[in-house]
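Summary of structural features
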Amino acid sequence: MQNELKEVEEKFRKAMVANAGLDNDKSQLTYQVDLLKDRLEETEEQSALISRFVVIQMEINLQQVRLNIEWETYVLSIF
């Protein structure tokens, strides 16, 4: 009976150690997931800014083409 109690106590101790290790692993993984979520959010914000920049740049280019056409039309009308 005494040996059985010691075996059960040893199994319980090992289970507690294993449980603590798993809890530690879970905490580390949760932290890593949070970091990745933050990175994803930052990347999405940067992507949105880049997309907006591209749209603005396209609008500027289009406006420059329109101005060039207007200028050429004006110059040609002078002659």
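Quick caveat: nothing in here was measured; it's all calculated off a predicted structure. (Residues numbered from 1 in each chain as written. Predicted model: local features only at pLDDT ≥ 70, side-chain atom pairs only at ≥ 80, totals over all residues. Heavy atoms only, no water.)

**Side note on the overall build of the protein**
The condition is simple: Strands here mean DSSP runs of E at least two residues long; helices mean DSSP runs of H or I at least four residues long; both are numbered from the N terminus. For this measure, only C-alpha atoms enter the radius of gyration; the expected value for a globule follows 2.2 Å times N^0.38, where N is the number of residues. Burial classes: relative accessible area under 20% of the type maximum marks a residue as buried, over 50% as exposed, and values in between as partly exposed (1.4 Å probe, protein chains only). All accessibility values rest on the Shrake-Rupley procedure with a 1.4 Å probe; residue burial counts only the protein chains present in the view. Two residue types count as positive, namely Lys and Arg, and two as negative, namely Asp and Glu; His and chain ends fall outside the count. One atom stands in for each charge, and that atom is NZ of Lys, CZ of Arg, CG of Asp or CD of Glu.
Looking only at helices and strands, the protein features one helix and zero strands. Over its C-alpha trace the protein gives a radius of gyration of 34 Å, far above what one expects of a compact globule, namely 12 Å for 79 residues. Expressed as lengths along the three principal axes of its C-alpha atoms, the size of the protein is roughly 115 × 10 × 5 Å. For the protein, the proportion of its 79 residues judged to be buried stands at 0%. Carbon and sulfur atoms make up 61% of the accessible area of the protein, which amounts to about 7,800 Å² in all. When the 9 basic and 15 acidic side-chain charges of the protein are each reduced to a single mean position, those positions are 9 Å apart.

**Notes on a nonpolar patch on the surface**
This is how the line gets drawn: Patch definition: residues with relative accessible area over 30% and no salt bridge; like charges joined within 9 Å; nonpolar side chains (Val, Leu, Ile, Met, Phe, Trp, Tyr) joined within 5 Å. A pair is scored as a salt bridge if a Lys or Arg side-chain nitrogen falls within 4 Å of a carboxyl oxygen belonging to Asp or Glu.
A surface patch of nonpolar side chains, about 420 Å² in accessible area, is lined by Ile-50, Phe-53, Val-54 and Met-58. Summarising the element assignment, Val-54 is placed in helix 1 (residues 2-78). The partly exposed category is assigned to Val-54, whose relative accessible area is 40%.

**Brief notes about a negative patch on the surface**
Residues Asp-34, Asp-38, Glu-41, Glu-42, Glu-44 and Glu-45 make up a contiguous surface patch of negative charge. Relative to the helices and strands, Glu-42 is located in helix 1. Owing to a relative accessible area of 48%, Glu-42 belongs among the partly exposed residues under this scheme.

**Thoughts on the packing of aromatic side chains**
Our working definition: What counts as a ring pair is set by centres within 6.5 Å for rings of Phe, Tyr and Trp (its six-membered ring), and what kind of pair is set by the plane angle: stacked under 30 degrees, edge-to-face over 60, tilted for all other angles.
Inspection of every chain in the model, using the stated rule, returns one aromatic pair. Centre to centre, the rings of Trp-71 and Tyr-74 are 5.7 Å apart; their planes meet at 35 degrees, and the pair counts as tilted. Of this pair, Trp-71 and Tyr-74 both sit in helix 1, three residues apart, which is roughly one turn of that helix. Classification of Trp-71 by relative accessible area gives exposed; the value is 55%. By relative accessible area, which is 47% here, Tyr-74 ends up partly exposed.

**Comments concerning the environment of Val-65**
Within the fold, Val-65 resides in helix 1. Along the chain, Val-65 and Asn-19 lie 46 residues apart, while their C-alpha atoms are 68 Å from each other.

**Comments concerning the environment of Ile-60**
As for its position among the elements, Ile-60 is in helix 1. Separated by 22 residues in the primary sequence, Ile-60 and Asp-38 have C-alpha atoms spaced 33 Å apart.

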